[in-house]
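Close look at the chain arrangement
These are the residues of each chain, in order.
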Amino acid sequence: MRFGRGAGPSAVAVIGVVTTTLAGLVTNVVSAQSRWPSWLRWLQVHPWLSFVILGAVTAGLAALLAVVDDRRGGGRRTARTVGTTDPPDAALVLRSLPRDTTAFTDRTTELAALEHSVSSAQASGTALPVHLIDGMPGVGKTALAVHAAHVLSERFPDGQLFLNLNGHTPGRNPVQPGEALAALLTAAGVPSQQIPVGDDIGAVTEARAAMWRGRLADKRALLILDNAAGYGQLEPLLPGGGDCLVLVTSRKRLALHEEVVLPVDALPPEHAVALFVRLSARPADELDHDVLSELVRLCGHLPLGVSLLAARLRHHPSWSAGDLHERLVAAQDRLGELRSGERAITATFDLSHRDLAPERQRFFRRLGCYPGTDLDAYAGAAVAEVSVAEARRHLDGLYDDHLIEEHPGSRFRLHDLLRDYARGLAAEGGSMDQVQSVERVCTYYLSALAAANGHLVRSGAPLPPPLPDGTRRPETPALGSRADALGWLENERANILACIRRAHSLSLYDSVVRLSVAMAPFLRQAGPWDQAVGLHRTAAEAARRTGDEQALADALAELGVVRRFMAAYPDAVAALDEAVSHYDAVGDLRGKADALNQLGIVRYLTADNEDSARAQTEALDLYRRLDHRLGQANALADLGMVWRQLSRFDAATRTQSEALSIYRELGDRYGEANSLRDLGVVHCLLGAYDLAARHHQEAFDIYVALDDREHQAYALNEQGVVRRLTGDPEGARAAHRQALTHFTELGDRYGRANSVRLLGVVERVSGDPRAALPLLTEALDICRVLGSRGGEAAALNELGVVRGMLGQRDDAVEAFGRSLEILRSLGDRYGEAEVLNNWGTLLAPISPEVARAHFQHALEIAREVGSTLEEARASAGIERCDPSPDRG
C-alpha cells in the first residue's frame, strides 16, 4: 500500500476534525440541553461509552498517522537530498579496465560459464543478462570480473567502464545511484550541462537513468559495477538495451531479474597451493607440500591471503615454507579474540605488515587515514608526510608486496579488507594523528587546486583563497594546461569531496570552507550542479559554525551562481541577497560588487529589468571605486543587455561599447565576444543589418577559437535572425538548426527554447504556418517551465501571427493580448511595438479603425525607441487602413 505526499498532513487533519467533533459532542452529552438529531441520539443516551469511543478513535487515527509517517519517512532517512548540509559525495569511473592481476588463477568453471552465457546470447540475438559475481571478502570477485572483462573486451568495442560503488568500503558511504549515474554519463561523454539536476533526488535519479539508458541504446559496451551494496543502488545503473554486458560484484546475494549468478568460493586447496607456488617464485620441488597445504588453509584458501603469504616467502630467500608457517601461527595466536575467518585473513595481513621496513609500516598505517578511495604519489606524500619520490617508492613496494592494487594512470587503491586493516592500525596512533593526516591532505588538495584554478578562472577574476598563513606548500603535480587541470580535477573529484566530508566530520571547518571555494570554478564548469549546491551549502553551514562571515558570504555567493545555472531563480536571488548583506557587514566591497553583478544577471533573466539595472549600476559604481577594470566591463556589458531589453538602444550601445573597449584593453576574448554579440543584437533591432552581421560573425569566430559551443550557438541564432530579416530564410533555418543541435547536446533549455521559436518564425515567414505551430508551442511550454517571461511573450506573439494565418482569429487575439500584457510589465517597448503591428495586421481586413489605432500606437513607440523596421511596418499599416481617395 502506498500513500501520497499529502497522506501525513491529511491524517493529521482527520484526527483533528474527528477528535474536536467527538469531544464537543461528548462534552455536551451530560447537559442534555438540546435534543440531538436522531443519528447522534445514541451518543446522548450513552455518554460514558461515548468517551471510550472517542479515545479509541483518537488512538486508532494516531496509529494510522504513525504508519503513514513511517512509510513516508523511510526513504528520507536513507536518501541524501540537495537540501541537507551533508557534504556531497561523488563516484569515480575508470574509462578503461583496471590492470589484470597476476594473482588470478584457475576459475575456469566460472569463466567458462560466463563466456558461454555471453556467446549464447550474442549468437541468438537475445538480450545479455546481468552477470552477478558474489562471494565473501577477499575471495577474488573483482579479480574475476576484471579478468573476464579483459578476455571479452573485443566483443564490446564501444567501450569498457569500471565503477566502484563503495558498497562495503570502510570509511566511505555507498555511492548514491544519482551520483553514480552522473559519473557514468560524464564518462560516456555527456556534457555536464546536459545532465539532469534538481532538488527532487528521486526525479533527478530517474531522469539520469533514462538518459543513461538512452546513451547506451544500440551500443555494445562492457560495464563493471564493483562492490555493490544492494539492488536499490544497482537497478538504476543498468543499461536498457540488451547488447551491453554488465558484470556486478557484491558480497551479498542480490536478487536481480533474469540474472546469471556466478558464486565465487574460496579456492580449492590444490589451486590455492598452485597459486602460492607461482607467486612465491620458488621451485615446487623445494617446497614441502604438506606445509603449503597448511599455509593456504590457515589463510582460508582466499586469493588475497595466499598472494600476501607467497610475497613474504619471495622476499625472504632464506626462509623455508616451515619458517613462514611458524610466523603465521604466531600471528594467529596474537589475534585469538577474533572469529576464525577474520583471524585467518587478519593474521596474514599482520604478518605482511610486520615484515615491512619501519618507514614503510608507517606509510601503510598513514594510508588508513586517507579519506579518498584511490591515490597517486602526491596524495600519498601528503598523507604520510614524506616526499613524492619516497611516496612513489613506498607505493611501488606495497604493490610488489600485494598490499595495494594498481589502477591506470599510476594510481593505487587498497582492497577493502586491507583498507579496514590500515584504518585499524591508524586508529592505534590516536585521534590527533588522524586529524593531522587529514589536514595535510586538505593542504595538498588546496595547493593543487590553486594551480588548477589558474587555468580555469578568467584573467582578472578572483582566485580562491590561498593556503593559511605559515602553511608549507606541498609538492603538487605539474598542470601545464587547461586540459591537464581538467583531467586532474576529474580524477580527483571523488577524493576531494571525500576529503571535505572527512574534514567536516572532524570539525575542520576552515578546511571545509577553503576546499569548497577552491572547487567552485571546476564545479561551475563541469557540474553536476546539484553536487555543487550540496558542497556550497556545506561550506555555508561550516562558516556559520565558526562565525566566519566572510566565508559565509563567499559560500552563499557561489550557491547563488550555481542556482542561476540551474534556473532556480528564486533560490539564486535569496542566496545572493544574503551574500550582499554579509559582504556589507565585513566591508568587502569587491565581494559585494560581484554578488550584485550576479544578482543583476538573475533579475535580467527573470525580466525584472528595473531591479536588474539598479543592481548592475550599484555594482558598476563599486568596481569604479575599486578601479577593478574587469568588474567594470562585466557590469557595463550586463547593464547594456538590460537597456537593450528595455528598448533603450542608445544607452545599450553606449554601455556595451564601453565594455567592449575595456575587454579589448584587458585582452579578455570571452568578454569581447559577448559584447560584440549583444551590440549585433542592438544593431539588428535598429535595422543596421550589415553592422549586426559583422559583429555576430566576429563574436562567432572568437567563440570558435575559445571552443565555447554554448556561445557559438547563441551567435548562430543571432546570425539566423539577420539572415531571415535580409531575405535568406534557408540560411536562417540552417543557422537555427545548428544552434538547436548545440543547445540540445549541452542541455541548455533556455537556448533550446530560443532556437525552436526562431525555427518556428522561419517556417511562418516561409508560408508554412502548420509547420510553425508545433515549434512555437514547444518554445512557449519551455519558457513557461523556466519562468522566462520575455521568452513567453515572444512565443505568444509569434503564435498570434500563426493562429491568424490559420484562421483562428480568437486564439490569435488572445495570444497577442497576453503577449502585450507581459511586455508592458517588463518595459519592453520594442516588443510592444512589434505585437501591436502584428495585431493590427490581423484586424485590418475586418476592423480597419481598430487596426489603425494599433498601428498608430506602434508608430509612436517605434519612433520613440528608434526602430526603423517597426516604424516602417506601422506606417504601411496605417496607409492600408486609411480610406483611399477614390472611395470618397
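Everything that follows concerns the structure shown earlier in this document.
Residues numbered from 1 in each chain as written. Predicted model: local features only at pLDDT ≥ 70, side-chain atom pairs only at ≥ 80, totals over all residues. Heavy atoms only, no water.

1. A short note on the overall build of the protein chain
Along the protein chain, the regular secondary structure elements total 38 helices and 9 strands. In the protein chain, which comprises 888 residues, the share counted as buried stands at 53%. Contacts in the protein chain between residues far apart in sequence, at least 24 positions, make up 68% of those at least 6 positions apart. Working note: accessible area of the protein chain is about 37,800 Å², and carbon and sulfur atoms make up 52% of it. (Helix = DSSP H or I, 4+ residues; strand = E, 2+ residues; numbered from the N terminus. Buried < 20%, exposed > 50% of the residue type's maximum accessible area, 1.4 Å probe, protein only. Contact = heavy atoms within 4.5 Å. Areas by Shrake-Rupley, 256 points an atom, 1.4 Å probe, with all protein chains shown as cover.)

2. Quick word on helix 26 (residues 629–645)
The end-to-end C-alpha distance of helix 26 is 25 Å, a good match for the 24 Å that 17 residues give at a rise of 1.5 Å each. Where helix 26 ends, the next residue or the one after it, Ser-647, has phi of about 65°, a positive value. (Expected span 1.5 Å × (residues − 1).)

3. Digging into the side chain of His-696
Its location among the elements puts His-696 in helix 29 (residues 689–706). Sequence-distant contacts of His-696, defined by excluding residues within four places in its chain, comprise Arg-677, Gly-680, Val-681, Ala-715, Glu-718, Gln-719 and Val-722.

4. Concerning the packing of aromatic side chains
The geometry of an aromatic ring pair comes down to the distance between the two centres and the angle between the two planes. All chains considered together, the criterion is met by 5 aromatic pairs. Their ring planes at 50° and their centres at 6.3 Å tell us that Tyr-445 and Trp-488 sit as a pair that is tilted. One end of the pair, Tyr-445, is in helix 18 (residues 431–456); the other, Trp-488, is in helix 19 (residues 482–505), and 43 residues separate them in sequence. Across the pair, Trp-488 and Tyr-445 agree in class, each one buried. Here the aromatic residues Tyr-444, Tyr-445 and Trp-488 are joined through ring pairs into a cluster of three or more. Sitting over the face of the ring of Trp-319, Arg-327 holds its NZ or CZ atom 4.1 Å from the ring centroid. Its guanidinium or amino end placed over the ring of Trp-643, Arg-648 lies 4.0 Å from that ring's centre, counting from NZ or CZ. (Phe/Tyr/Trp six-rings, centres within 6.5 Å; stacked < 30°, edge-to-face > 60°. Lys NZ or Arg CZ within 6 Å of the ring centre and 35° of its normal.)

5. A look at the environment of Asn-837
With respect to the secondary-structure elements, Asn-837 resides in helix 36 (residues 829–843). Its relative accessible area of 0% is what places Asn-837 among the buried residues. Considered as a pair, Asn-837 and Gln-856 are 19 residues apart in the sequence and their alpha carbons are 9.0 Å apart. Other than its neighbours up to four places away in sequence, Asn-837 contacts Phe-855, Ala-858, Glu-870, Arg-873 and Ala-874.

6. A word on the sheet that holds strand 7 (residues 374–375)
The 3 strands lie next to each other as 7-9-8, forming an open sheet whose pairing is antiparallel. At either end of the open sheet lies a strand with only one pairing partner, and these are strand 7 and strand 8 (405–407). Note: strand 8 against strand 9 (residues 411–413), 3 bridges, orientation antiparallel. Of the residues in strand 9, the one forming a bridge with Glu-406 is Phe-412. (Pairing = 2+ DSSP bridges.)

7. Quick look at the pattern of salt bridges
This model, assessed by the stated rule, comprises 37 salt bridges. One salt bridge connects Glu-578 with Arg-544, and the closest N-O pair in it is separated by 3.2 Å. In this pair, Glu-578 sits in helix 23 (residues 569–586) while Arg-544 sits in helix 21 (residues 529–546), placing the two residues 34 residues apart along the sequence. Looking at Arg-544, the relative accessible area reads 44%, which means it is partly exposed. In this structure, the salt-bridge partner of Asp-594 is Arg-590, at a minimum N-O distance of 3.3 Å. Highlighted residues: Asp-594 and Arg-590, both in helix 24 (residues 589–605), separated by 4 residues, approximately one helical turn. Assessed through its relative accessible area of 23%, Arg-590 is described here as partly exposed. Linked by salt bridges that have partners in common, Asp-374, Asp-376, Arg-411 and Glu-492 make up one network. (Salt bridge = Lys/Arg side-chain N within 4 Å of Asp/Glu carboxyl O.)

8. With respect to the packing of helix 29 against helix 30 (residues 709–725)
Where helix 29 contacts helix 30, the axes come no closer than 9 Å and their chain directions differ by 160°. The angle between helix 29 and helix 30 falls in the class roughly antiparallel. The way helix 29 lies across helix 30 gives a crossing that is left-handed. On helix 30, the residues that touch Tyr-689, Ala-692, Ala-693, His-696, Gln-697, Phe-700, Tyr-703 and Val-704 of helix 29 are His-711, Gln-712, Ala-715, Leu-716, Glu-718, Gln-719, Val-722 and Leu-725. (Axes fitted to C-alpha atoms, helices over the stretch in contact; angles between N-to-C directions. Parallel < 35°, antiparallel > 145°, perpendicular 65-115°, else oblique. Left-handed = near helix turned anticlockwise from the far one by under 90°.)

9. Side note on the packing of helix 31 (residues 729–746) against helix 32 (residues 749–765)
Relative to each other, helix 31 and helix 32 sit at 160°, their axes nearing to 9 Å. Considering the angle they form, helix 31 stands roughly antiparallel to helix 32. Remark: the crossing between helix 31 and helix 32 carries left-handed chirality. Note on element contacts: helix 32 touches helix 31 through Gly-751, Arg-752, Ser-755, Val-756, Leu-758, Leu-759, Val-762 and Glu-763, opposite Pro-729, Ala-732, Arg-733, His-736, Arg-737, Ala-739, Leu-740, Phe-743 and Thr-744. Across the contact of helix 31 with helix 32, the residue classes break down as 9 nonpolar, 4 polar and 4 charged. (Nonpolar A, V, L, I, M, F, W, Y, C, P; charged D, E, K, R; others polar.)

10. Digging into the nonpolar core
General note: in soluble globular proteins, nonpolar side chains tend to be found buried as a group. Formed by 103 residues in total, the largest nonpolar core has its most connected members in Phe-364, Tyr-445 and Trp-488. For this core, the leading source of residues is helix 18, giving 11 residues. Beyond its immediate stretch of four places on either side in the chain, Tyr-445 contacts Tyr-370, Ala-379, Trp-488, Glu-492, Asn-495, Ile-496, Cys-499 and Leu-515. (Core = buried A, V, L, I, M, F, W, Y, C linked by side-chain atoms within 4.5 Å.)

11. As for helix 16 (residues 388–400)
For helix 16, built from 13 residues, the straight-helix expectation of 18 Å at 1.5 Å per residue is met to within 8% by its first-to-last C-alpha distance of 18 Å. Listing the buried residues of helix 16 in full gives Val-388, Ala-391, His-394, Leu-395, Gly-397 and Leu-398. Along its buried surface, helix 16 packs onto helix 14 (358–367), helix 15 (377–384) and strand 9. His-402 sits one or two positions beyond helix 16 and adopts a positive phi of about 65°.

12. Focus on unusual backbone geometry
The backbone phi angle of Ala-281 is positive, close to 60°, even though this residue is not glycine. Relative to the helices and strands, Ala-281 is located in the loop between helix 9 (269–280) and helix 10 (289–298). Of the residues examined, Ala-281 reaches a relative accessible area of 58% and is grouped as exposed. Although it is not a glycine, Ser-647 adopts a positive phi angle of roughly 65°. Structurally, Ser-647 is set in the loop between helix 26 and helix 27 (649–666). Residue classification places Ser-647 among the buried positions, given a relative accessible area of 5%.

13. Some points on the state of the cysteines
This model, assessed by the stated rule, comprises 0 disulfides. For the unlinked cysteine Cys-442, the closest cysteine sulfur is that of Cys-499, found at 3.5 Å. Residue class for Cys-442 comes out buried when judged on its relative accessible area of 1%. (Disulfide = S-S within 2.5 Å.)

14. Quick word on the side chain of Asn-797
Mapped onto the elements, Asn-797 comes out in helix 34 (residues 789–805). Taking the relative accessible area as the measure of exposure, Asn-797 reaches 4% and is therefore buried. The residues touching Asn-797, leaving out its near neighbours within four places in the chain, are Phe-816, Ser-819, Glu-834, Val-835 and Asn-838.

15. Section: the pairing of strand 4 (residues 222–226)
Most of strand 4 sits out of view: 5 of its 5 residues are buried. A two-sided burial pattern is seen for strand 4, the buried positions comprising Leu-222, Ile-224 and Asp-226 on one face and Leu-223 and Leu-225 on the other. Where strand 3 (residues 160–164) and strand 4 come together, 5 bridges link them in parallel fashion. Bridge pairing in strand 4 links Gln-160 to Leu-222. As defined by bridge partners, strand 4 adjoins strand 5 (residues 245–250) across 4 bridges and the pair is classed as parallel. Following the sheet pairing, Ile-224 is matched in strand 5 by Leu-247.

16. As for the environment of Ile-822
Structurally, Ile-822 is set in helix 35 (residues 809–826). Classification of Ile-822 as buried rests on a relative accessible area of 1%. Between the C-alpha atoms of Ile-822 and Gly-790, which are 32 residues apart in sequence, the distance is 7.5 Å. Setting aside residues up to four positions removed in sequence, Ile-822 forms contacts with Arg-789, Glu-792, Ala-793 and Leu-796.

The analysis is restricted to geometry; functional conclusions fall outside its scope.
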